[in-house]
Amino acid sequence: MKDIFENYHPSREIIPNHVALIPDGSRRWAVKKGMSYYESYDLAMRNLCQIIEFLYDRGVSIISVYFSSSQNFERPMVEVEAFCKAESNFCNIHILPVVEKNNVHVDFFGNKSLLPQYFLDSLIKLKLRTRDCVSKQLNLCVAYNPFVELLESSLKSNSPTDLLNNLWISTPVDLIIRTGNANLLSNFLLLQSGFARLYFPDKLINDICKKDIEAIIDEFCKIERKYGE
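Residues numbered from 1 in each chain as written. Predicted model: local features only at pLDDT ≥ 70, side-chain atom pairs only at ≥ 80, totals over all residues. Heavy atoms only, no water.

J.: Explain empty space enclosed by the protein to me, using residue names and the numbers behind them.
T.: Going through the model one piece at a time under the given rule, you end up with 1 cavity of 30 Å³ or more. Estimated volume of the largest cavity: approximately 50 Å³. In terms of lining residues, the largest cavity is bounded by Leu21, Ile22, Pro23, Leu48, Ile51, Ile177, Thr179, Ile205 and Ile213. Looking at the lining of the largest cavity, the elements that each hand over two or more residues are strand 1 (18-22) and helix 3 (37-57). Split by residue class, the lining of the largest cavity holds 8 nonpolar, 1 polar and no charged. (1 Å grid on protein atoms, 1.4 Å probe; cavity = no way out; pocket = protein on both sides within 12 Å on 5 of 7 lines; lining within 4 Å. Points joined across faces, edges and corners; volume = space filled by probe spheres on them. Helix = DSSP H or I, 4+ residues; strand = E, 2+ residues; numbered from the N terminus. Nonpolar A, V, L, I, M, F, W, Y, C, P; charged D, E, K, R; others polar.)

J.: Would you mind going over the layout of surface pockets in detail, with residue names and values included?
T.: The computed volume of the largest pocket comes to approximately 400 Å³. In terms of lining residues, the largest pocket is bounded by 19 residues, among which Pro23, Asp24, Phe67, Asn72 and Arg75 are the most central. Mapped onto the lining of the largest pocket, the elements with two or more residues apiece are helix 2 (26-33), helix 3 and helix 4 (77-94). Broken down by element, the lining of the largest pocket gets its largest block of residues, 3 residues, from helix 2. Of the residues in the lining of the largest pocket, the class split is 7 nonpolar, 6 polar and 6 charged.

J.: Please set out the sheet that holds strand 2 (residues 62-66) residue by residue, giving values where relevant.
T.: The strand order across the open sheet built from 6 strands is 3-4-2-1-5-6, with neighbouring strands paired in parallel fashion. One side of each edge strand has no neighbouring strand; the edge strands of this open sheet are strand 3 (104-109) and strand 6 (197-199). Adjacent strand axes in the sheet meet at a mean angle of 15° when their direction is disregarded. Where strand 2 lies against strand 4 (residues 136-141), 5 bridges are found, and the strand directions are parallel. Note that in strand 4 the partner of valine 65 across the bridge is leucine 140. On top of the sheet, helix 6 (residues 117-129) reaches strand 3 and strand 4; it is set at about 145° to strand 3, its chief contact. Sheet strands in contact with helix 9 (residues 210-221) are strand 5 (175-178) and strand 6, and its direction is about 150° off that of strand 5. (Pairing = 2+ DSSP bridges. Axes fitted to C-alpha atoms, helices over the stretch in contact; angles between N-to-C directions. Contact = heavy atoms within 4.5 Å.)

J.: Lay out the environment of isoleucine 208 in plain terms, naming residues and giving numbers.
T.: Looking at the secondary structure, you find isoleucine 208 in the loop between strand 6 and helix 9. Owing to a relative accessible area of 1%, isoleucine 208 belongs among the buried residues under this scheme. Along the sequence, isoleucine 208 and tyrosine 227 sit 19 residues apart, while their C-alpha atoms lie 30 Å from each other. When residues no more than four places from it in sequence are discounted, the contact partners of isoleucine 208 are Asn47, Ile51, Thr179, Pro201, Lys203 and Ile213. (Buried < 20%, exposed > 50% of the residue type's maximum accessible area, 1.4 Å probe, protein only.)

The structure is reproduced here in structure tokens:
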């Protein structure tokens, strides 16, 4: 049991295998630009697609995106509707060229009961559309809560190995990038990120560009990861 848990960390490969993205700052950008929340979130989703495509081009195999936490659905309805519609557009329109180009399998995880039906339908449709893709993986965390993830895994597991394998997302995270100058994880992939490198660029998700992400990847590639050794 000891070895199973102590060895649950990313590989030592130079290029990160699994990158987690927390695309933060759309509400602040909307206020700054005098735009609606929906317009800001939709532009953020378009920009997010470019970042995802760049990461795949750099050799990343798995990308996990924090679309929303379960707590985000306690916001005023106008805000919830704004990010749900924008993220639905992401699934239905914006990400399709990227997944087709890179043969990406898409899956989603979280509390489905909190989602508007049209949004849930768009997630299911994208998952089914990419079910035979095998080259890359894109995980969309929607109404996500790590404690629910752990509880569901424990209820299905009979051994420590099962516990790790039955997590919604079972691969350890190498690198987390959170935009918007907020240096916290907000409950995102807590078990998977035990040995992840964390980067918190100042730019909001609407403003960050591929060059910013490239600089982070280049810096990451220079790090010798020892995992406590």
